[in-house]
Amino acid sequence: MAAYLMAEAKVTDPGAYETYKRLAQVAIAQYGGRYLVRGGAVDVLEGQWTPPQRLVLVEFPSVEQAKKFYDSPEYRAARDARATAADMNMLVVAGV
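Model, not experiment: these values are computed from the prediction.

## Quick word on the overall build of the protein
Item 1. Each helix and strand in the protein was counted, giving 3 helices and 4 strands.
Item 2. Listing each helix as α and each strand as β along the protein from the N terminus yields β-α-β-β-α-α-β.
Item 3. A compact globule built from 96 residues would reach a C-alpha radius of gyration of about 12 Å, and the protein, at 13 Å, matches this within 12%.
Item 4. Once the C-alpha set of the protein is aligned to its principal axes, its extents read approximately 35 × 35 × 15 Å.
Item 5. Looking at the protein as shown, the accessible area adds up to about 6100 Å², and 54% of this sits on carbon and sulfur atoms.
Item 6. Counting 11 positive and 11 negative side-chain charges, the protein places the averaged centre of each group 5 Å from the other.

## A look at helix H1 (residues 14–30)
Item 1. The first and last C-alpha atoms of H1 sit 24 Å apart over 17 residues, in line with the 24 Å expected at 1.5 Å per residue.
Item 2. Among the structural elements, strand S1 (3–11), strand S2 (34–38), strand S3 (54–60), helix H2 (63–71), helix H3 (73–82) and strand S4 (86–94) are those in contact with the buried residues of H1.
Item 3. A positive backbone phi angle near 85 degrees is found at Gly32, which sits one or two residues after H1.

## Considering the sheet that holds S2
Item 1. Here 4 strands make up an open sheet; going across it, the order is S2-S3-S1-S4 and the pairing antiparallel. Since the sheet does not close on itself, it has two edges, and those belong to S2 and S4, each with one partner. The mean angle between the axes of side-by-side strands here comes to 20 degrees, regardless of whether they run parallel or antiparallel.

## A closer look at the packing of H1 against H3
Item 1. H3 packs onto H1 with a crossing angle of 165 degrees between their chain directions and a minimal axis gap of 8 Å. When the axes of H1 and H3 are compared, the pair comes out roughly antiparallel. Seen along the crossing, H1 lies across H3 with a hand that is left-handed. Across from Ala16, Tyr17, Thr19, Tyr20, Leu23, Ala24, Ala27 and Gln30 in H1, the residues of H3 making contact are Glu74, Tyr75, Ala77, Ala78, Arg79, Ala81 and Arg82.
Item 2. Among the residues forming the contact of H1 with H3, the class breakdown is 10 nonpolar, 2 polar and 3 charged.

## Details of the packing of H2 against H3
Item 1. Orientation of H2 relative to H3, taken along the N-to-C sense of each, is 55 degrees, at an axis distance of 5 Å. When the axes of H2 and H3 are compared, the pair comes out oblique. The segment H2 lies against H3, with Phe69, Tyr70 and Asp71 engaging Pro73, Tyr75, Arg76 and Arg79.
Item 2. Among the residues forming the contact of H2 with H3, the class breakdown is 4 nonpolar, no polar and 3 charged.

## Quick notes on the side chain of Glu59
Item 1. If you trace the backbone, Glu59 turns up in strand S3.
Item 2. A relative accessible area of 18% places Glu59 in the buried class.
Item 3. In terms of polar contacts, Glu59 uses its side chain to reach the side chain of Tyr4, at 2.9 Å.
Item 4. A polar side-chain atom of Glu59 sits 2.8 Å from a polar atom in the side chain of Arg34.
Item 5. Residue contacts for Glu59: discarding those within four places in its chain leaves Ala2, Ala3, Tyr4, Gly32, Gly33, Arg34 and Leu36.

What counts, and where the lines are drawn
Residues numbered from 1 in each chain as written. Predicted model: local features only at pLDDT ≥ 70, side-chain atom pairs only at ≥ 80, totals over all residues. Heavy atoms only, no water. Helix = DSSP H or I, 4+ residues; strand = E, 2+ residues; numbered from the N terminus. Rg over C-alpha atoms; globule rule 2.2 N^0.38 Å. Areas by Shrake-Rupley, 256 points an atom, 1.4 Å probe, with all protein chains shown as cover. Lys, Arg positive; Asp, Glu negative; His and termini not counted. Charge placed at Lys NZ, Arg CZ, Asp CG, Glu CD. Expected span 1.5 Å × (residues − 1). Contact = heavy atoms within 4.5 Å. Pairing = 2+ DSSP bridges. Axes fitted to C-alpha atoms, helices over the stretch in contact; angles between N-to-C directions. Parallel < 35°, antiparallel > 145°, perpendicular 65-115°, else oblique. Left-handed = near helix turned anticlockwise from the far one by under 90°. Nonpolar A, V, L, I, M, F, W, Y, C, P; charged D, E, K, R; others polar. Buried < 20%, exposed > 50% of the residue type's maximum accessible area, 1.4 Å probe, protein only. Polar contact = N/O pair within 3.5 Å; in protein donor to acceptor, adjacent residues only side chain to side chain.

What follows is the structure, given as C-alpha cells:
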C-alpha cells in the first residue's frame, strides 16, 4: 500500500537548503519515492490553517519503504546538510 511523506519546511538559509534538496532528491529516488508536491503555492480553503512556507509531498511504495528512506545513510547526510538551513516538520501516512 502506498504511503505519503509530508514535510513542512521553514527555510532559514536558502543556499544551504539547496544542498539539502539535492541530497534529498537522490535519496528519495533511491528508495522508490516520487515527488507529488514540491514547494508549490498553498491556498487555505477552510479553517484556521497557517500556510507553510514550503510544503513537500512524496509518495513511497509503503510506510516501511518511507521509513527506510528516512533512516538511510543517504538521507542522514541530507538531514545533516539541512540542520542549519531549515526548521522541518515531517510525517508519513499510509494510503488507502
